[in-house]
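Results of the structural survey
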Amino acid sequence: MFSNPVIETQKNHVTIRQFNEEPIETEMLEAILEAGRRAPTSSNMQAYSVIVIKDPLVKKRLSILTGDQKHVETCPVFLAFCADLNRLQQTCEMHDVEMTNNLETFIISTVDAALVGMSVQTGAESFGLGAVMIGAMRNSPREVADLLGLPRGVYVVYGMCLGWPEKSSIPPQKPRLPKELVIHHEKYSTNDASDLIHNYDKLLVKHYEALGRNLNPAAWSGVIARNLGRSIRPENLDLLGEMGFDICRKSEY
Ligand SMILES: Cc1cc2nc3c(=O)[nH]c(=O)nc-3n(C[C@H](O)[C@H](O)[C@H](O)COP(=O)(O)O)c2cc1C
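All values reported here derive from a predicted model rather than from experimental measurement.

For the rest of this paragraph, the subject is helix α3 (residues 56–65). For α3, the complete set of buried residues consists of V58, K59, L62, S63 and L65. The arc that holds every buried residue of α3, seen down its axis, measures 160°, which confines them to one face. Exposed positions of α3 whose direction lies more than 90 degrees from the buried face are P56 and L57. Close packing links the buried residues of α3 with β1 (48–53), α4 (70–74), β2 (77–84) and α7 (141–148). For α3, the capping residue at the N-terminal end is D55, with a side-chain oxygen 2.8 Å from the backbone nitrogen of L57. Phi turns positive one or two residues past the end of α3, at G67, with a value near 80°.

Further remarks concern the pattern of salt bridges. Pairing between side chains becomes possible if they bear opposite charge and their charged atoms approach one another. Under the defined criterion, the tally for this structure stands at five salt bridges. For the salt bridge of E34 with R37, the shortest nitrogen-to-oxygen distance reads 2.9 Å. Classification of E34 by relative accessible area gives partly exposed; the value is 43%. For E73, the salt bridge is made with K60, and the minimal N-O distance between the two is 3.9 Å. Taken as a pair, E73 in helix α4 and K60 in helix α3 lie far apart in primary sequence, 13 residues in all. Its relative accessible area of 26% is what places E73 among the partly exposed residues.

Neighbouring the ligand are 13 residues, the closest being H13, T15, R17, K174 and R176. Between the ligand and the protein, one listed contact pairs a nitrogen atom with a backbone N or O atom of G135 at 2.8 Å. Here the ligand, which alone exposes 620 Å², has 67% of that area covered by the protein. Take the shell around the ligand: its biggest share by element is three residues, from strand β3 (residues 130–134). Of the residues assigned to the shell around the ligand, the class counts are five nonpolar, five polar and three charged.

Our focus in this paragraph is the sheet that holds strand β4 (residues 154–163). Judged by pairing direction, the sheet is antiparallel, and its four strands sit side by side in the order β1-β2-β4-β3 without closing on themselves. Two strands bound the open sheet, and with one partner strand each, they are β1 and β3. The sheet shows a mean angle of 20° between the axes of neighbouring strands, direction not considered. Sheet topology note: the β2/β4 ladder contains eight bridges and is antiparallel. Within β4, the residue paired with L79 across the bridge is M160.

As a further point, take the domain arrangement of the chain. Split into domains, the chain comes out as domain 1 (5–171) and domain 2 (173–228). Between the C-alpha centres of domain 1 and domain 2 the distance comes to 28 Å.

What counts, and where the lines are drawn
- Residues numbered from 1 in each chain as written.
- Predicted model: local features only at pLDDT ≥ 70, side-chain atom pairs only at ≥ 80, totals over all residues.
- Heavy atoms only, no water.
- Buried < 20%, exposed > 50% of the residue type's maximum accessible area, 1.4 Å probe, protein only.
- Helix = DSSP H or I, 4+ residues; strand = E, 2+ residues; numbered from the N terminus.
- Arc of directions from axis to C-beta.
- Contact = heavy atoms within 4.5 Å.
- Polar contact = N/O pair within 3.5 Å; in protein donor to acceptor, adjacent residues only side chain to side chain.
- Salt bridge = Lys/Arg side-chain N within 4 Å of Asp/Glu carboxyl O.
- Near = heavy atom within 4 Å.
- Areas by Shrake-Rupley, 256 points an atom, 1.4 Å probe, with all protein chains shown as cover.
- Nonpolar A, V, L, I, M, F, W, Y, C, P; charged D, E, K, R; others polar.
- Pairing = 2+ DSSP bridges.
- Axes fitted to C-alpha atoms, helices over the stretch in contact; angles between N-to-C directions.
- Domains from an automatic or database assignment.

And the structure:
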């Protein structure tokens, strides 16, 4: 198989939730953010912002808002990856244009933020840093926005704890779904997925058993069914609308 240092970094990815006390050097963080800023961006809109948070009190509050996730408080650096339409709105005003904002601008800005974040995570991991993305920043979008001083048209897509991994608690890699299920050639393959999903459940049970956790045999499928059998954060459609993301707007064709 072909390989190189970037591929090795990607293949070695594992989410880290325990950090030691060592700070991240300012220059290293700057290098990671600079590399992240080179991520591709839809129509060069650069519809994202990143907030770098080191203040222990802000991290503490964010850890509470994200469901008491301790790593949010204990990591030396927390990054908030935001979808940002505010700057684009100002740009349109410079040309006396009223910006229209709809599902697409929501997707564009959310994808831009996600791409920068992924690029930052890979850069960080290439130095040996550990990271965990924090989607729970969307548990309370309004409170998070107030805490971080976000203007209208900006929301946090996800956060990221960054720090040096606590060596004794680096977890083994979590197995992924088999490639036959997720990589398709030429056309989407609609073969029944259930056998491969059963096998994946078994693989995950083994993974968790090795960590001393005894799971229900439907280690993946059962969790997915439980989580997706109810609506996830249903209030966010209205909340994000109030924050300036007009997701449901119907414009004329
Ligand atoms: C968008 C996104 C949000 C996530 N949010 C959280 C989170 O709030 N808390 C957490 O502990 N892990 C979170 N994770 C990490 C995932 O749980 C983790 O990536 C997944 O279980 C696979 O494990 P691995 O990254 O070690 O392979 C998030 C990951 C992504 C991509």
